[in-house]
Amino acid sequence: SGTDGCGTKVKLAIILDKHDTIGIDAVAMCVNDIACAGGEPLFFLDYIACGKNYPEKIADIVKGVAEGCLQSEAALIGGETAEHPGLMPEEDYDLAGFAVGVCDKKEMITGENLEAGDVLIGMASSGVHSNGFSLVRKVFEKEMNAEGLNTYYDELGTTLGEALLAPTKIYVKALKSLKAAGVSVKACSHITGGGFYENVPRMLKDGVKAVIQKDSYPVPAIFGLLAKKGQIEEHMMYNTFNMGIGMIIAVAKEDVEKAKAAIQSAGETAYVIGSVEQGEKGVELC
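Fair warning: this is a prediction, and the values are worked out from it, not measured in the lab.

Analysis parameters
Residues numbered from 1 in each chain as written. Predicted model: local features only at pLDDT ≥ 70, side-chain atom pairs only at ≥ 80, totals over all residues. Heavy atoms only, no water. Phe/Tyr/Trp six-rings, centres within 6.5 Å; stacked < 30°, edge-to-face > 60°. Helix = DSSP H or I, 4+ residues; strand = E, 2+ residues; numbered from the N terminus. Buried < 20%, exposed > 50% of the residue type's maximum accessible area, 1.4 Å probe, protein only. Contact = heavy atoms within 4.5 Å. Pairing = 2+ DSSP bridges. Axes fitted to C-alpha atoms, helices over the stretch in contact; angles between N-to-C directions. Core = buried A, V, L, I, M, F, W, Y, C linked by side-chain atoms within 4.5 Å. Parallel < 35°, antiparallel > 145°, perpendicular 65-115°, else oblique. Left-handed = near helix turned anticlockwise from the far one by under 90°. Salt bridge = Lys/Arg side-chain N within 4 Å of Asp/Glu carboxyl O.

Enquirer: How should I be thinking about the packing of aromatic side chains in this particular structure?
Expert: Ring pairs (aromatic) are described by centroid distance and by the angle formed between their planes. Summed over the entire model, instances satisfying the criterion amount to 3 aromatic pairs. Ring centres of Tyr-217 and Tyr-271 lie 6.1 Å apart, and the angle between their planes is 40 degrees; this geometry places the pair in the tilted category. Of the two residues, Tyr-217 sits in the loop between β9 (208–212) and α9 (221–230) while Tyr-271 sits in strand β11 (residues 270–278), which places them 54 residues apart along the sequence. Both rings, one in Phe-223 and one in Phe-241, keep their centres 5.9 Å apart while their planes meet at 50 degrees; by these two values the pair is tilted. Of this pair, Phe-223 sits in helix α9 while Phe-241 sits in the loop between α10 (234–238) and β10 (245–251), placing them 18 residues apart in sequence.

Have a look at this one:
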């Protein structure tokens, strides 16, 4: 099971008055965690707290939730919309969700069979996803208005708002595809808050470390812009953001090509980004 929200990304949706994708983020944050453990999401419930219930806005939010459930093949079985006058401003809302999945015990992804020589495969993210938005908002403080967010940036090939609001990728189908292809996923990490440094060690057992090559995949332009504008040093970037990789799996060397093909057949982009080596449990970026 998993429960989560979209953090302060909601603030951007409110500023831009665009509410039809934030629901995808809420679903993604819950179902990706379930998929990471080897589970298949069964159902999802959402909870919306708002200062004032504007029916069109709530309908837009729920539209995104429904889309996220379609993408993750989970049933949307209910939810709650709570009006909180006096507790939050009328325009404000927050969104959270809860999902339950199922997994055969022998198919759970635990990391216990990891060994030196296993290969790490990363699945591309769509951008910032749903973590690190308090820092994003601090960096782009002056742009946190409709005009600033609607400004087009050449290096992004889109407006700032569109780049930041891009919904979190849902990796459920990719993990189902790996299972269907007979690939044994030895360990899996959903790269959320805390970036590489906090999430990758969770997939490891004692006695092995993850070694990741930073130049093994393209880092989306939004992260370069954030680092430059906010003067954020590299370690902090990799300790806050997904840096272009939303999910990392570990597979045996002989399964690499089959795994990449299975991920790509599910519509995701896969990169070989590193390996598992003997050493103290942790992650090394080089």
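Enquirer: Quick question: what am I supposed to make of helix α1 (residues 9–16) here?
Expert: Think of an α-helix as turning once every 3.6 residues; residues three or four places apart then point the same way. With 6 of 8 residues buried, α1 lies mostly within the body of the structure. Within α1 the residues assigned to the buried category are Lys-9, Val-10, Leu-12, Ala-13, Ile-14 and Leu-16. Summarising the contacts, the buried residues of α1 are in contact with α2 (22–36), β4 (93–102), α4 (133–139), α5 (146–149) and α6 (160–165). Asp-17 sits one or two positions beyond α1 and adopts a positive phi of about 50 degrees.

Enquirer: Can you help me understand the sheet that holds strand β2 (residues 40–50) in this one?
Expert: The pairing of strands in a sheet comes from backbone hydrogen bonds and takes either a parallel or an antiparallel form. The 4 strands lie next to each other as β1-β4-β2-β3, forming an open sheet whose pairing is mixed. Lying at the two open borders of the sheet, with one neighbouring strand each, are β1 (2–5) and β3 (75–83). With strand direction ignored, the average angle separating the axes of adjacent strands in the sheet is 15 degrees. Taken together, the 10 bridges between β2 and β4 define a ladder with antiparallel strand orientation. Bridge pairing in β4 places Tyr-47 opposite Ala-96. The sheet strands contacting α2 are β1, β2 and β4, and the helix crosses β4 at an angle near 35 degrees. Packing against the sheet, helix α3 (residues 55–72) makes contact with β2, β3 and β4, and its axis sits at approximately 165 degrees to β2.

Enquirer: It is not clear to me how the environment of Val-10 should be interpreted in this structure. Could you clarify?
Expert: In this structure, Val-10 sits in helix α1. The exposure class assigned to Val-10 is buried, which follows from its relative accessible area of 4%. Remark: the alpha-carbon pair of Val-10 and Ile-22, spanning 12 residues in sequence, is separated by 6.9 Å. Sequence-distant contacts of Val-10, that is, excluding residues within four places in its chain, are made with Ile-22, Tyr-93 and Asp-94.

Enquirer: I'm lost on the nonpolar core in this one. Help?
Expert: Soluble globular proteins tend to pack their nonpolar side chains together in the buried interior. Counting residues in each nonpolar core, the largest one holds 88 residues, and the members touching the most others are Leu-164, Leu-178, Phe-196, Leu-226, Ile-248 and Ile-249. Ranked by residue count, the leading element in this core is α2, at 10 residues. Other than its neighbours up to four places away in sequence, Ile-249 contacts Val-119, Leu-120, Ile-121, Met-123, Leu-175, Leu-178, Val-185, Ala-187, Cys-188, Met-203 and Ile-263.

Enquirer: What should I look at first to understand the packing of α2 against α3 in this one?
Expert: When two helices pack together, their arrangement is given by the angle between the helix axes and by the axis-to-axis distance. Where α2 contacts α3, the axes come no closer than 6 Å and their chain directions differ by 40 degrees. Considering their axes alone, α2 and α3 lie oblique with respect to each other. Crossing hand, α2 versus α3: right-handed. Mapping the contact onto sequence places Ile-22, Gly-23, Ile-24, Val-27 and Val-31 in α2 and Ile-61, Gly-64, Val-65, Glu-67, Gly-68, Cys-69, Gln-71 and Ser-72 in α3.

Enquirer: I would appreciate a short explanation of the pairing of β11 in the present structure.
Expert: The two faces of a sheet get side chains in turn, since along a regular strand they alternate between them. In this sheet, β11 lies alongside strand β5 (residues 119–124) in antiparallel orientation, the contact comprising 5 bridges. Across the sheet, Ile-121 pairs through a bridge with Val-272, a residue of β11. Strand direction decides the pairing type here: β9 and β11, joined by 5 bridges, are antiparallel. By the bridge assignment, Val-208 is partnered in β11 with Gln-278.

Enquirer: I tried to follow the pattern of salt bridges on my own but got confused; where do I start?
Expert: When charged atoms on two side chains of opposite charge get close, those side chains can pair. Counted under the stated rule, the structure contains 13 salt bridges. Close ionic contact of Lys-179 with Glu-107 constitutes a salt bridge, the shortest N to O distance being 3.5 Å. Pair noted here: Lys-179 is in helix α7 (residues 172–180) and Glu-107 is in the loop between β4 and β5, with a separation of 72 residues, a long-range link. The partly exposed category is assigned to Lys-179, whose relative accessible area is 31%. By relative accessible area, which is 36% here, Glu-107 ends up partly exposed. Two residues, Glu-143 and Lys-229, come together in a salt bridge whose shortest N-O distance is 3.4 Å. One end of the pair, Glu-143, is in the loop between α4 and α5; the other, Lys-229, is in helix α9, with 86 residues separating them in the sequence. The exposure class of Lys-229 is partly exposed, given its relative accessible area of 39%. Via salt bridges that share partners, Glu-40, Glu-107 and Lys-179 belong to a single interconnected network.

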